[in-house]
Amino acid sequence: MNKRAVIQSVGHAVPSKVLTNDDLERMVDTSDEWIVQRTGIKERHICQGDEGTGSLALEASREALERSGIPASELDLIVCGTVTGDYIWPSTACMLQTELGANNAGAYDVSAACAGFIYSLGTAAAMIESGHAQNVLVVGADALSKQVDWTDRSTCVLFGDGAAAVVVRGETDTDRGVIETVLMADGSGGKYITYEVGGTKYPVGSPQAEGRRDKVYMAGAEVYRFAVQAMGDACCKVLEKAGMTPDDVDLFVPHQANLRIIESAAKRLGLPDHRVFVNVAKYGNTSGGSIPLGLYEANEQGLLTKGSVVMTVGFGAGLVWGANLIRW
Ligand code: UT7
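Residues numbered from 1 in each chain as written. Predicted model: local features only at pLDDT ≥ 70, side-chain atom pairs only at ≥ 80, totals over all residues. Heavy atoms only, no water.

## Here's the deal with the sheet that holds strand β7 (residues 161–171)
Link 1 in the chain: Overall, mixed pairing links the 5 strands, which are arranged β1-β7-β6-β4-β5 in an open sheet. The sheet is open, and its two borders are formed by β1 (4–13) and β5 (106–110), each paired with just one other strand. Mean inter-strand twist for the sheet, computed between neighbouring axes without regard to direction, equals 20°.
Link 2 in the chain: With 5 bridges connecting them, strand β4 (residues 77–81) and strand β6 (residues 135–143) associate as parallel partners. Across the sheet, the residue bridging to I78 is L137, located in β6. (Pairing = 2+ DSSP bridges. Helix = DSSP H or I, 4+ residues; strand = E, 2+ residues; numbered from the N terminus. Axes fitted to C-alpha atoms, helices over the stretch in contact; angles between N-to-C directions.)

And the structure:
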């Protein structure tokens, strides 16, 4: 029988500092009313001092590993979905490998922004199903608070920091595990969410970098239109691939960027509120951390039991989007 990539455990980490909409009212020309009406966000967790993507990813990974009962030495792969690594390189996954003592694991990052976890889990499942890996740590982690312009009200109110991780193991004789994954991209829309300075085109401090964006830039309305279409499309596609319908989905765990985008996707799929997981009010958009953080909280709240069918969906800078269908 074919190998299935079965999620064994979930861990999470968010910084302790909470930044509320009231706090933001004192920083930029905004209001709690505007933020809640347009996004559903009430507060977000923000890194302080030395905290960053690396420390959050490590804490989440430790919790996931401890809960899985699988020692770090038995991991053969670490995949981390992030676009805000502590360094441009080396990768966050390699830092995790050494800090965890995962001495038999390969490690790499996946750059797919807010769809980072979807892409990473899809990749991990393919490695397990093809026999190239048995125990994989999959992490979604970002600390966009370090990269936003805190004077730009159109972006700084949207993001928060967070990470979560799952341990995935290859199993036979089970119908649990990742059922299907859909990965999509449209690079022509890359200009709508960018962070230009710091790569090799516009190196920091170079003449080429002058006048280029050295903070997060987002064309909100364009991304909004794309997201509404993309979320529904990816879900329909992953369900079709699996020969399933929205009725088969016990819990929908979408990327938490904006409550209105989530509601419109749920409406298109005909999913009632009680089958849609939402925590955007507490965390804002944590990018790669968002979906696994949703899985973590849903699991803690008893919304996921063995055999539950979970559909995740995400979209983000690239542009990228995709979905995983998982039997928990
Ligand atoms: O994970 C992928 C990341 N991205 C997303 O998911 C973002 C997708 N886009 C969105 O969620 C929405 O487009 C936003 C929440 C970013 C913006 O909502 P919107 O309804 O599209 O607002 P808008 O950009 O059309 O702006 C409406 C008005 C503008 O004022 P004028 O030009 O109409 O006078 C903005 O200047 O709201 C103003 N505005 C604000 N006002 C108060 C923009 N940001 C703020 C703010 N507080 N924070």
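Now that the structure has been shown, the text picks up again.
## Some points on the sheet that holds strand β11 (residues 251–254)
Link 1 in the chain: Read from one edge of the open sheet, 4 strands run β8-β13-β12-β11, paired in mixed fashion. One side of each edge strand has no neighbouring strand; the edge strands of this open sheet are β8 (177–185) and β11. Sheet twist, expressed as the average angle between the axes of neighbouring strands with direction ignored, equals 10°.
Link 2 in the chain: The pairing of β11 with strand β12 (residues 309–316) spans 4 bridges and is classified as parallel. If you follow L251 over to β12, its bridge partner there is V310.

## Section: the pattern of salt bridges
Link 1 in the chain: In total, this model carries 11 salt bridges according to the counting rule given.
Link 2 in the chain: D23 serves as the salt-bridge partner of R26, at 2.8 Å between the closest nitrogen and oxygen.
Link 3 in the chain: A relative accessible area of 65% means that R26 is categorised as exposed.
Link 4 in the chain: Between E180 and K241 there is a salt bridge, with its nearest N and O atoms 3.5 Å apart. On the criterion of sequence distance, the pair formed by E180 in strand β8 and K241 in helix α7 (residues 220–242) is long-range, its members being 61 residues apart. (Salt bridge = Lys/Arg side-chain N within 4 Å of Asp/Glu carboxyl O. Buried < 20%, exposed > 50% of the residue type's maximum accessible area, 1.4 Å probe, protein only.)

## Considerations on the domain arrangement of the protein
Link 1 in the chain: Along its sequence, the protein is organised into domain 1 (4–173) and domain 2 (178–327).
Link 2 in the chain: Domain 1 and domain 2 are separated by 14 Å when their C-alpha centres are compared.
Link 3 in the chain: Across the boundary between the two partners, domain 1 contributes 47 residues, which contact 46 residues of domain 2.
Link 4 in the chain: A buried area of about 3600 Å², summed over both sides, lies between domain 1 and domain 2, and 64% of it is on carbon and sulfur atoms.
Link 5 in the chain: A per-residue breakdown of the area domain 1 buries against domain 2 is headed by C114, I118 and Y119, which together make up 18% of the total.
Link 6 in the chain: Here R67 ties to E300 by a salt bridge, and the two come within 2.8 Å at their closest N and O atoms.
Link 7 in the chain: In this assembly, domain 1 and domain 2 are joined by 17 residue pairs in polar contact (both at pLDDT 80 or more).
Link 8 in the chain: Those elements giving two or more residues to the side of domain 1 that touches domain 2 turn out to be β1, α2 (32–39), β3 (43–45), α3 (53–68), α5 (116–129), β6 and β7.
Link 9 in the chain: A total of 7 residues in the side of domain 1 that touches domain 2 trace back to one element, the largest contributor, which is α5. (Domains from an automatic or database assignment. Contact = heavy atoms within 4.5 Å. Buried area = accessible area lost by both parts, 1.4 Å probe. Polar contact = N/O pair within 3.5 Å; in protein donor to acceptor, adjacent residues only side chain to side chain.)

## Focus: the pairing of β1
Link 1 in the chain: For β1, the tally of buried residues reaches 8 of 10 residues, placing the bulk of the element in the interior.
Link 2 in the chain: In this sheet, β7 lies alongside β1 in antiparallel orientation, the contact comprising 9 bridges. Within the sheet, the bridge partner assigned to I7 lies in β7 and is V168.

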